[in-house]
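Topology and contacts: notes
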Amino acid sequence: MSGATHRFIAALVESVDVGPLDLKGKTNAVQAYEVTGLKEGATGRGLTGIHAPMIGRDAQLAHLRELFGIARAGQGRVASVLGEPGIGKSRLLAEFRASVEGEDSSVRWIEGRCLSYGKTLPYHLVLDVVRSVIGVSSSASEPEVREALQRVMRELLGDGWAEPYAYLGHLLSLKLDPEAQARLSALDREAIKRYVASLLQIVRAISTRGPVVFVFEDLHWADAASTDALLMLMPLAADLPLLSILSSRRDRDAVGWRLVSGARDLFGDALTEIRLDPLSSDQARSLVANLLEIESLPQKTRDLILSKAEGNPFFVEEVIRMLIDRGAIRREGNSWIATASVVGVEIPDTLQGLLLERIDRLPKESRRTLRVASVIGRQFGVTILERLLEVPTT
Ligand SMILES: Nc1ncnc2c1ncn2[C@@H]1O[C@H](COP(=O)(O)OP(=O)(O)OP(=O)(O)O)[C@@H](O)[C@H]1O
Ligand SMILES: [Mg+2]
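Residues numbered from 1 in each chain as written. Chains lettered and ligands numbered in written order. Predicted model: local features only at pLDDT ≥ 70, side-chain atom pairs only at ≥ 80, totals over all residues. Heavy atoms only, no water.

Partitioning the protein into domains gives domain 1 (1-44), domain 2 (58-275), domain 3 (281-349) and domain 4 (362-390). Centre-to-centre, using C-alpha coordinates, domain 1 lies 35 Å away from domain 2. (Domains from an automatic or database assignment.)

This is the structure we're talking about:
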């Protein structure tokens, strides 16, 4: 892969620098990297070697813990965690997980994640849930998955293991033996119900052993089949010691939003919506200070980072990452120093796509306003904008 691609995904893959290559059609040698594997458990977020505590989400964390307490006592609860990309949904869940697991070793955390290209992959979210239940990664081989599914089903369900095993095996596209295969005739129409029933059986069995947190991450990318299946599952699990958490960007047109809005209809007051807003400027300031202890960072640069980041922690990190990449700040021993090239920070490439996506989702009128405003410049009076907007665009 090229240097540009490498910059985007270096945190996710193992790679080696193969040096500059002379390529057909390219005048200059191209810096290239070879991908040698995937980094286990990498999220692609955060800055390597720098860790900052979570800022400004105490109330939300306390709320989740409170809901967990109610669920643990036997009254199932559902929470949604909503907010724009990079605002800290996954981080909040990670902190919550560390906090409950630190306190109660009987809690079982089951988590299904959606893939950014997953909208058209039927059941990909449910599959990830099943993998989480049986404890295999998405790169496990077929024999490993089959072995794990069989072992966990037997362990959880005793004599009744065979049927859910067959259905979930089918869902996981395992090659089944003829006996299991025979249970699957005329499955298609009934499939979804069977999958749901099988899943419910397992979740029930797991929840007899301790409280369960059931997380669905990044629902804005969910597929329709998973969404339907989970909509069916959620109300059935209401009487279990189970806290379900739905995390999503606020994309009302996404298929997965049906789960978020469906949960409102199904659970009413028993549903808690946790909305993550941008950090306040003081909070963002502390985040920058925690990430970079730079005495010599000019106030102007600090302000620039803050104004580019708009209270979004991911943006804060990405602006800092860019400053590091460009050599505008560098580490010296235990501290950071700003170099002469620190002025003139732009918006990092990693954010351009996110910003464009956000702009694309605006109503047509707002997009036009934004386009006209961008032509005027970074600062302008509202009257100028109003005048210009009166001119019909062709
Ligand atoms: N309150 C916070 N304090 C400190 N760091 C934070 C905070 N919130 C988020 N971060 C950091 O910002 C980055 C982005 O956060 P996170 O990945 O949780 O966003 P997200 O809402 O899940 O985004 P997406 O919609 O893209 O999944 C992470 O590196 C995270 O550790
Ligand atoms: Mg996330």
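Take the environment of Val-78 next. By the secondary structure assignment, Val-78 is in strand E3 (residues 77-82). Taking relative accessible area as the criterion, Val-78 reaches 3% and is therefore assigned buried. In contact with Val-78, other than residues within four places in its own chain, are Leu-243, Ser-244, Leu-246, Ala-263, Phe-267, Ala-270, Leu-271 and Thr-272. (Helix = DSSP H or I, 4+ residues; strand = E, 2+ residues; numbered from the N terminus. Buried < 20%, exposed > 50% of the residue type's maximum accessible area, 1.4 Å probe, protein only. Contact = heavy atoms within 4.5 Å.)

All told, the structure shown has six aromatic pairs when counted by the stated rule. The interplanar angle of 80 degrees and the centroid separation of 6.3 Å between the aromatic rings of Phe-68 and Phe-96 together place this pair among those described as edge-to-face. Here Phe-68, found in helix H2 (residues 58-72), pairs with Phe-96, found in helix H3 (residues 89-103); they are 28 residues apart in sequence, far enough to count as distant. In this structure, Phe-68 and Phe-96 share a single accessibility class: buried. Each residue in the set Phe-68, Phe-96 and Trp-109 is aromatic and connected to the rest through ring pairs, giving one cluster. It is Arg-154 that lies over the ring of Trp-161; its NZ or CZ is 4.2 Å from the centre. (Phe/Tyr/Trp six-rings, centres within 6.5 Å; stacked < 30°, edge-to-face > 60°. Lys NZ or Arg CZ within 6 Å of the ring centre and 35° of its normal.)

Here the phi dihedral of Asp-218 falls at roughly 60 degrees; this positive angle occurs in a residue that is not glycine. Turning to its location among the elements, Asp-218 is positioned in the loop between strand E5 (212-217) and helix H9 (224-236). Look at Asp-218 and you get buried, because its relative accessible area is 14%. For Glu-310, which is not glycine, the phi torsion reads 45 degrees and is therefore positive.

Near ligand 1, the surroundings consist of 20 residues, among which Arg-45, Gly-86, Lys-89, Arg-249 and Glu-317 are the closest. Between an oxygen atom of ligand 1 and a main-chain N or O atom of Gly-86, the distance comes to 2.7 Å. With respect to ligand 1, the side chain of Ser-90 contributes an N or O atom lying 2.8 Å from an oxygen atom. Isolated, ligand 1 exposes 630 Å² of accessible area, and the fraction of that covered by the protein chains is 94%. Of all the elements in the fold, those that place two or more residues in the shell around ligand 1 are H3 and helix H13 (313-325). A per-class count over the shell around ligand 1 returns eight nonpolar, four polar and eight charged. Viewed by domain, the shell around ligand 1 spans two of them, domain 2 (58-275) and domain 3 (281-349), each represented by three or more residues. (Near = heavy atom within 4 Å. Polar contact = N/O pair within 3.5 Å; in protein donor to acceptor, adjacent residues only side chain to side chain. Areas by Shrake-Rupley, 256 points an atom, 1.4 Å probe, with all protein chains shown as cover. Nonpolar A, V, L, I, M, F, W, Y, C, P; charged D, E, K, R; others polar.)

Quick look at the pattern of salt bridges now. Under the defined criterion, the tally for this structure stands at 15 salt bridges. One salt bridge in this structure joins Arg-209 and Glu-155, with 3.8 Å as the shortest N-O distance. Of this pair, Arg-209 sits in the loop between helix H8 (187-207) and E5 while Glu-155 sits in helix H5 (residues 142-157), placing them 54 residues apart in sequence. Accessibility expressed as a relative area gives 49% for Glu-155, which makes it partly exposed. Members of the salt-bridge network, linked through shared partners, are Arg-264, Glu-273 and Arg-275. (Salt bridge = Lys/Arg side-chain N within 4 Å of Asp/Glu carboxyl O.)

With that settled, consider a nonpolar patch on the surface. A contiguous nonpolar surface patch, about 280 Å² in accessible area, is contributed by Val-16, Val-18, Leu-21 and Leu-23. On the secondary structure map, Leu-21 appears in strand E1 (residues 13-21). (Patch = residues over 30% accessible without salt bridge, like charges linked within 9 Å, V, L, I, M, F, W, Y side chains within 5 Å.)

Take the sheet that holds strand E6 (residues 242-248) next. Taking strand neighbours across the sheet as the criterion, the five strands line up as E4-E5-E6-E3-E7 in an open arrangement whose pairing is parallel. Of all the strands in the sheet, the pair left with one neighbour each is strand E4 (108-113) and strand E7 (271-275). Here the strands of the sheet are splayed against their neighbours by 15 degrees on average, with no regard to which way each runs. (Pairing = 2+ DSSP bridges. Axes fitted to C-alpha atoms, helices over the stretch in contact; angles between N-to-C directions.)

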